Each structure stands twice: as C-alpha cells, then as structure tokens.
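Residue-level listing of the chains:
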Amino acid sequence: MWTVLRLLGFSGVHRDAQASHSAKQYHGLRNQGSTCYLNTVLQCLYMTKDFRTAVQSFKQDPQDSNQGNAGLLLQLQNLFGELNKVNATTEGITESLSINNVYEQQDAVEYYQRILKQIVPQVSQKEGLEAFFQPSQLDEDNWLYCDQCDQKTETETWNEIEEFPTVLTLHLKRFDFDYMQMRHVKNHCPMEIPPTLQLKDYEYDLYAVVNHSGDRNGGHYNAAIKSFEDNQWYCFDDSSVTKYSVDALQKSRLAYLLMYRQTAPSRRNFTLQKLLKSTALRRMTSALHNRFIIAGVTAIRRMTSALHNRFIIAGVTALRRMTSALHNRFIIAGVTAIRRMTSALHNRFIIAGVVTTCLVTVMWRMFRLRFPKS
C-alpha cells in the first residue's frame, strides 16, 4: 500500500495553532452534480493554514503575464472568503479549471495536483517514500558516458531532499490493473493510518484524509480534516460539515489521500544536516573512487590492447619477413639451379660439338687415305 506515494510540498513555515476548547463553525460546498472530488480537495486546501493564508493575502500584479494562474487564485480567494461565512459554490473554480461537464466524476488526486501545479509552480512531485532515498542502478541502455574514458559505464542514481516540505501528501495506490479481469479494480483492504510520520529528523502529524467510496467507474469523496484552529476533527461532505471521530480512521478501507503537516524539527536537526552532507560527500568520494578505478582499468585495457596489437603486428611482420626470405631463397635457389643446368647443358653441347668435329676430321682423313686421288 505504501509502495506508490506522491510527495507534494508547500513553501513557508508552519506555526502551531493554539488549542481552543470552543468548536469552530465550518461551512460546506454545494455539489454541482458530481463535483464531490473538487469539493473535497478545496476543503483540504482551505483547512491548510499556510495555503489559506497565502491565498487570502494574494494581490494581483497588473503586469503579471500569467493571468490564468491569477484568475484561479482570485477565485480561490473569493471562495475562501465565502466559506468563512456561509456554504459556498464552486462555479468560479470549475470555470477556471475548464471543467465543462460537472456531472462527470473525476479523480480527486488529479485535481489536487492540477490546482497546485497551476498556482504553485515550485511544488515538487516525487515518487516513493523509503524507496525515494535508495540508490538505483540504471539499465545498460541508460548508462552514462564516463568523463575519463568517454565510454558508457555502469551508472547509479540517487535522490536527496534538500528542503523538507511543510505539507507532505501521500497518495495511496487503491487502483490497479487486474490482468485476469482485464480491467482496473479497487483495492479495498483496510490499513492502519499512522497519526505521525518520522522522515529523517522531521516529524509530520496527520491532519487530513480524503476518503473514496465506490470503484473506478464511480463513487463518492469526502474528507476528514483536523482543524488547526481548534484541533478538532470534522467530516466535510459537500454541503454537510459534522464532527468526526479520529477512531474511524483506524482500519480504514476508504482512505485515498493522506495529508501530514510538519511539526517543529527535532533537536537533532543539526545531525541530519551533517548526515546529509557526509552522505553526499561519501557518495561524491565513492563516485571519484569509482571513476579512478574505471580510468585505471580502461588504461590497463588500452595498454593490454596496444601490446596485443603490437605483438600481432610484430608477429605478422616476422612472418612476412620469413615468407619473403624463404621466397627469395627459393627464387635464388631456382635461378642457381637453372644457371647450373644451363651451364651443364652448354658445356655438354660444346663438348659434343668438339667431339663431332674431331670425328668428322678423322673420318675425312680415313676416307682420303682409302680413296686417294686418282
């Protein structure tokens, strides 16, 4: 249940309200058709002290080029002013958010994020809680290039929170896709909602829960909110606002969005800052160490490759020289043999010629002796 969360932060410093024993009178929002998702989100924002103060103190800048955001802020300002006195309506908000069909139910978390992104650009959205701080290994296809060796190397990424949010919002993963039924189904399992969260050295107290009854195709939203003005819990259900028992949040099957407010930082806050800095320093040192190792390994590989190539080249050169020498030797031997054969034949022809000449001379003389001239 806690594996998929969304963290959204508001700027500003939270100041604890003084407890009041007298109950505060709160007002509801009229449902235009199926706008319970919007009413619930708006009530949660209205009951967030820093957000309400920022909206009420907003003054439009005539030179502001982003009139769309200013228009929504002015509508929220008017709405919050009405909620201080009577049950209000949300026509101005639906128009600013371009909601054309008020009878079509939407997701409360989606419009919570949409409002914040439109009017608070610096709002941060991060995935996970415990997993958010854990380093992760990138797939090989996403490895980054090393500055030293200019090669893709194994890459590790991590996240750190430099400034902890005043308001921490956790979106519970109630809907998932069922491959057996081939459709989205809702997880109705009960869960223990912790009244307090410890994030590093910061403590957060639960102050709002958005509930959803029904399934993905339809249902109803309402909100259980703890007032910062009297520390009492109330249930905001469209036009109805009633007292609420915090015990009803235990083993809740309806909780869909949890909102926590940061309390005073721990006395050990300085330890957190040192820890974050030392952790970052260790990671930087580790990264440099890894780079040196990678650079060393790369250098060794290059040297080995160079030596290997040199040995190959030397071997090929030696082989070529040996082949050339053998080739030359064979040629020389062949030429020498041919010369010798030619010389022998030449000598034989000369000797044969001489012998033939001698024989002819002898025969001629014998012929003259036998047949003298008459």
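Refer to the structure presented above.
Residues numbered from 1 in each chain as written. Predicted model: local features only at pLDDT ≥ 70, side-chain atom pairs only at ≥ 80, totals over all residues. Heavy atoms only, no water.

Asker: When you look at the overall build of the protein in this model, what are you seeing that I'm missing?
Answerer: Scanning the protein for helices and strands turns up six helices and 15 strands. Taking all 374 residues of the protein together, the buried fraction comes to 32%. The contacts in the protein between residues at least 6 apart in sequence include a share of 71% that link residues at least 24 apart. (Helix = DSSP H or I, 4+ residues; strand = E, 2+ residues; numbered from the N terminus. Buried < 20%, exposed > 50% of the residue type's maximum accessible area, 1.4 Å probe, protein only. Contact = heavy atoms within 4.5 Å.)

Asker: What am I meant to see in unusual backbone geometry here?
Answerer: What is expected of a backbone is that most residues other than glycine have negative phi and most peptide bonds are trans. Backbone geometry places Asp238, a non-glycine residue, at a positive phi of 55°. Asp238 sits in the buried class, given a relative accessible area of 14%. The phi dihedral of Lys251 is positive, around 55°, even though this residue is not glycine. The topology assignment puts Lys251 in the loop between strand 14 (240-243) and strand 15 (255-262).

Asker: Explanation requested: the pattern of salt bridges in the structure shown.
Answerer: Here the idea is simple: oppositely charged side chains can pair when their charged atoms come close. Summed over the entire model, instances satisfying the criterion amount to two salt bridges. Residues Glu229 and Arg52 are paired through a salt bridge, measuring 3.5 Å at the closest nitrogen-oxygen approach. One end of the pair, Glu229, is in the loop between strand 12 (218-226) and strand 13 (233-237); the other, Arg52, is in helix 2 (residues 49-56), with 177 residues separating them in the sequence. In this structure Glu229 comes out as partly exposed when scored by relative accessible area, which is 26%. Residue Arg52 is classed as buried on the basis of its relative accessible area, which comes to 7%. (Salt bridge = Lys/Arg side-chain N within 4 Å of Asp/Glu carboxyl O.)

Asker: Even after reading the chapter, I still don't get the layout of surface pockets, so can you show me in this structure?
Answerer: Think of a ball as big as a water molecule: rolled over the atoms, this probe shows where empty space is left. Counted as a void, the second largest pocket has a volume near 460 Å³. Around the second largest pocket, the lining comprises 22 residues; the ones closest to its centre are Asp107, His171, Phe175, Arg216 and Tyr256. Contributing elements (two or more residues each) for the lining of the second largest pocket: helix 5 (108-119), strand 8 (175-178), strand 11 (202-215) and strand 12. Counting residues per element, the lining of the second largest pocket draws most heavily on helix 5, which supplies three residues. Per-class residue counts for the lining of the second largest pocket are six nonpolar, eight polar and eight charged. (1 Å grid on protein atoms, 1.4 Å probe; cavity = no way out; pocket = protein on both sides within 12 Å on 5 of 7 lines; lining within 4 Å. Points joined across faces, edges and corners; volume = space filled by probe spheres on them. Nonpolar A, V, L, I, M, F, W, Y, C, P; charged D, E, K, R; others polar.)

Asker: I tried to follow the packing of helix 1 (residues 36-46) against helix 5 on my own but got confused; where do I start?
Answerer: What describes two packed helices is the angle between their axes and the distance between those same axes. It is at 9 Å that the axes of helix 1 and helix 5 come closest, and there the two elements cross at 50°. In terms of their interaxial angle, helix 1 and helix 5 are classed as oblique. Every pair of crossing elements has a handedness; the one defined by helix 1 and helix 5 is right-handed. Every residue of helix 5 that contacts helix 1 at Tyr37, Leu38, Val41, Leu42 and Leu45 is listed here: Ala108, Tyr111, Tyr112, Ile115 and Leu116. (Axes fitted to C-alpha atoms, helices over the stretch in contact; angles between N-to-C directions. Parallel < 35°, antiparallel > 145°, perpendicular 65-115°, else oblique. Left-handed = near helix turned anticlockwise from the far one by under 90°.)

Asker: Sorry if this is basic, but what is going on with the pairing of strand 14 here?
Answerer: Side-chain direction in a regular strand flips from residue to residue, so the side chains alternate between the two faces of the sheet. Sheet topology note: the strand 13/strand 14 ladder contains four bridges and is antiparallel. Along strand 14, the bridge assignment pairs Asp237 with Ser240. The turn linking strand 13 back onto strand 14 is made up of two residues, and Asp238 within it adopts a positive phi angle of 55°. (Pairing = 2+ DSSP bridges.)

Asker: So what exactly am I meant to see when it comes to the packing of aromatic side chains here?
Answerer: In this description, an aromatic ring pair is defined by two values, namely the gap between the centres and the angle between the planes. A complete count under the given rule lists seven aromatic pairs for this structure. A ring pair is formed by Tyr26 and Tyr234, whose centres lie 5.1 Å apart and whose planes are at 75°; its orientation type is edge-to-face. With Tyr26 in the loop between strand 1 (6-8) and helix 1 and Tyr234 in strand 13, this residue pair connects regions lying 208 residues apart in the sequence. As far as the burial class goes, Tyr26 and Tyr234 line up, both buried. (Phe/Tyr/Trp six-rings, centres within 6.5 Å; stacked < 30°, edge-to-face > 60°.)

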